[in-house]
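# Results of the structural survey
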Amino acid sequence: MAAPGRHVGHYIQRNSRVLLNNFEQLLSHRNFGWTSALRQQAAEANKEPTDTIVIPRKKTWSKEAVLEALSSTVGRDPTAYPYNFQDDPFLSPRTVNEFKLYSLSKESGRSAAKFFINNNPKYFTTDFAEPHIPCLMPEMVSLLLEDVSEEALKERVRLRKVTAAVEMYDQLLQSGTAVSMETTYDLLDLICLYCDRDPVEEGGPQSEDMEEPGEEVRQGRGRPRRASDFMKFSWKENNNAERIFNLLPERDTRCYSALIRGMVKHGAHAKAFSIYTDLLNNRLTADVHIFNALLIAAPDLRDKYNERWDLLAELLNQMSQQKVQPNLSTFNSVLKALRRCGSLAKTQAIHTLNEMKAMGIAPSLASYDHILNAFSKAASSSGAVNTDILQEVMSELEGRSFTCQDPDDVLFFSTAMRICVNNKDLELGYRVYNLVEHGENWRLLGPLYQQSSFYRRFFNLLCMMEHIDVVLTWYRKLVPSLYYPNPQGLKDLLQALDTDSRLDLLPTIWKDICALGHDNKADLVEELLMLMARDKHSAEVQEAFAVCALDIKNMSEADRRKNPLEWSTTSLSNITSLQLRANKTQEAWETLKLFKSKNRVPKEPLLEDFLSVCCSDGSSQRAMELVQLSAAFCLSATPKLAKRTLAELDLTEEQRAVLSELESTGESSG
């Protein structure tokens, strides 16, 4: 029964399919009011899709792809501290000084841990990190090969043991063992790089023969100094680099390059040009690294601006004659040298930039930084400062992401923001800030002190030119995640509040001043008190000002720091006035008594205001004490205060006698 049933079902299915096809053909031949467009759409709908699905090949992702994807989904929290302080909540800095202290502490701990790991590698053989993090693993810092061989020399060169490498090289020569030219070149590079001395670890002892900190170190003021800032060694005559160079049987461009670059790096500029002349006499061709070093050293060999440029042009001509292809460092060296060529820099910098682009070399941020500095110096010397060049630079850079190609790339944003502040160009400042926020350009802000400088200048520009509501929005966005304002930055904020008549926010700013550790800065506190006491406000605002003034007074009295706040006459007068306006007579009287203990003399208007409050309150005893205090300071206003007290207050006979005596004594002495 199953087989006949299956045949019947198959027959019905086949006939129904034939009937359906005939019915569709019948419909297609009859119009039923269809238009040609509708028939075309129906025909296209009946067509089977001919597009085939192409399965893509398997994509290989990097090991950091997941972390990068997760990182792209979150942004910066403006209320959080910088990420490098989030490991331990106890070490989250609340003030500028704590920020510096904790930064140095973490760096010191990191250096100590690295020193321990490198000197005890046998305890750190297991690698748990996935993906592998090479910097967390021990570095091979101890020598393993003790025999006199070229392999032992290579090991010492690889571990940057300058003295040990030189000794091994001398032993090889004394034993008659030939050293390959490649190894000799590597040794020469090492000696020239470290000026014939072993590199000093961070925090290591300083040698006696190093130079005084030069201009580069002085420019680093305001940031934590490292040992490398002070290790400015000078090139010595006939050192091991020159000795090994003279022992070479054959000298080629590479050994000349190592020697010249080492001399330029360590200040022997004239000697470097002498070695370059020797290279030319030997009919050798210099490489691009030699020219880059000589271009940097050229301004030190000439005194006049035009002579400096002539030497730069001569080196560039020789570079062209020797068919040496310039690179990005070549043009950046020229632009950097032009900053020391006075008024010539402005014209030649543009020509250099045009030549750079004509050769297909894209300028880096350092290139534009050198151009901005060249134009800024030329403009400052002529007295006319404008932002035209920065406008053109920003038009080229906007919307682009950058990577570091030159050590001076990290100086561009700080220089650009400085120009915006000097010219009070708010729109241009926003453009510079937006470029920093584009992609990962913020990584090119440089070290912490340069980042702080950039945000400080940007915030200063906002305080000068922007509305106070916008300033406060930026203030909450930048502090404390990106910027710890210094006293001057907070004074700029106070001036912005004063300009837009928003002095009611001063108590809130005082809380931030305390949180940032600037409550012991006398000039900042005096500025705050002056703004609060200058004008009269509503009762609610005056009450808040009085609480703030009392907090300043109490905090100063309880301050046990090395530099406590020193009271001035103006500060005490402002605190007293604020308390009087809020009807806090007792607190005002306690503050008034501080004048005597702090060896300060109150001003006559303050005593008159205090007396007016006493008269309105009917406080005769306090008024008499006020007149006696004025007499203790030998003020000329004492008779006037006594006369007014006698006239406006109900006094006892004893009080009248005392005040009459003070009035007569003051008039007779006057």
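Residue numbering note: each chain is counted from 1, following its sequence as written. With pLDDT at 70 or above as the cut-off, local features in this predicted model cover only qualifying residues; side-chain atom pairs require 80 or more to be listed or tallied, and sums for whole chains, interfaces and linings still use all residues. As a convention, hydrogens and water are excluded, and side-chain values are obtained from all of the structure's heavy atoms.

What follows deals with the UniProt feature "repeat: PPR" (unreviewed entry) in the protein. UniProt positions are given in the numbering used here, feature names are shortened, and annotations may be inferred rather than shown by experiment. In the numbering used here, UniProt assigns the "repeat: PPR" (unreviewed entry) feature to residues 327-363. The numbering of helices and of strands both runs from the N terminus, where a helix is a DSSP run of H or I of at least 4 residues and a strand a run of E of at least 2. Across residues 327-363, helical content stands at 70% and strand content at 0%; the span's end C-alpha atoms are separated by 10 Å.

Helix length check: helix α25 (residues 522-534), at 13 residues, gives a terminal C-alpha distance of 18 Å against a target of 18 Å (1.5 Å per residue), a fit within 8%. Only protein chains enter the calculation, and the probe is 1.4 Å; a residue is then buried if its accessible area is under 20% of its type maximum, exposed if over 50%, and partly exposed in between. Three or more residues of α25 are buried, namely L524, V525, E527, L528, L529, L531, M532 and A533. In this analysis, two residues are considered to be in contact whenever any of their non-hydrogen atoms come within 4.5 Å of each other. Buried-residue contacts for α25 involve α23 (487-499), α24 (506-515), α26 (539-557) and α27 (569-581). Each residue after the first adds 1.5 Å to the expected span of a helix.

This paragraph deals with the side chain of K491. Relative to the helices and strands, K491 is located in helix α23. By relative accessible area, K491 is classed as buried at 17%. Setting aside its immediate chain neighbours within four residues, K491 contacts D523 and L524.

This paragraph deals with the environment of E398. Tracing the backbone through its elements, the reader meets E398 in the loop between α18 (388-397) and α19 (412-423). Look at E398 and you get partly exposed, because its relative accessible area is 37%. Residues E398 and L435, 37 residues apart in the sequence, show an inter-C-alpha distance of 6.0 Å. Residues contacting E398, with those up to four places away along its chain left out, are R431 and L435.

Attention now goes to the packing of aromatic side chains. Aromatic contacts are taken between Phe, Tyr and Trp rings whose centres are within 6.5 Å, Trp giving its six-membered ring; a plane angle under 30 degrees counts as stacked, one over 60 as edge-to-face, and the others as tilted. Applying the stated criterion to the full structure yields 15 aromatic pairs. Ring geometry for Y433 and F458: centres 4.6 Å apart, planes at 10 degrees, overall stacked. With a gap of 25 residues between them, Y433 in helix α20 (residues 426-437) and F458 in helix α21 (residues 448-465) connect regions that are remote in the sequence. On the basis of relative accessible area, Y433 is assigned to the buried category, the value being 1%. Relative to W474, the ring of F458 lies with its centre 5.0 Å away and its plane at 85 degrees, an arrangement referred to as edge-to-face. Here the residue F458 occupies a position in helix α21, and W474 occupies one in helix α22 (residues 468-478), the gap between them amounting to 16 residues. Across the pair, exposure class does not vary: F458 and W474 are buried alike. Ring-pair connections join several aromatic residues into one group, and the members of that group are Y430, Y433, F454, Y455, F458 and W474.

Our next topic: helix α6 (residues 162-174). Helix length check: α6, at 13 residues, gives a terminal C-alpha distance of 18 Å against a target of 18 Å (1.5 Å per residue), a fit within 8%. Turning to α6, its buried residues number three or more, namely V162, A165, V166, M168, Y169 and L172. Take α6 and look down its axis: the buried residues cluster within an arc of 165 degrees, on one side only. Following α6 by one or two positions, G176 has its phi on the positive side, about 80 degrees. Here the arc refers to the set of directions running from the helix axis out to each C-beta atom.

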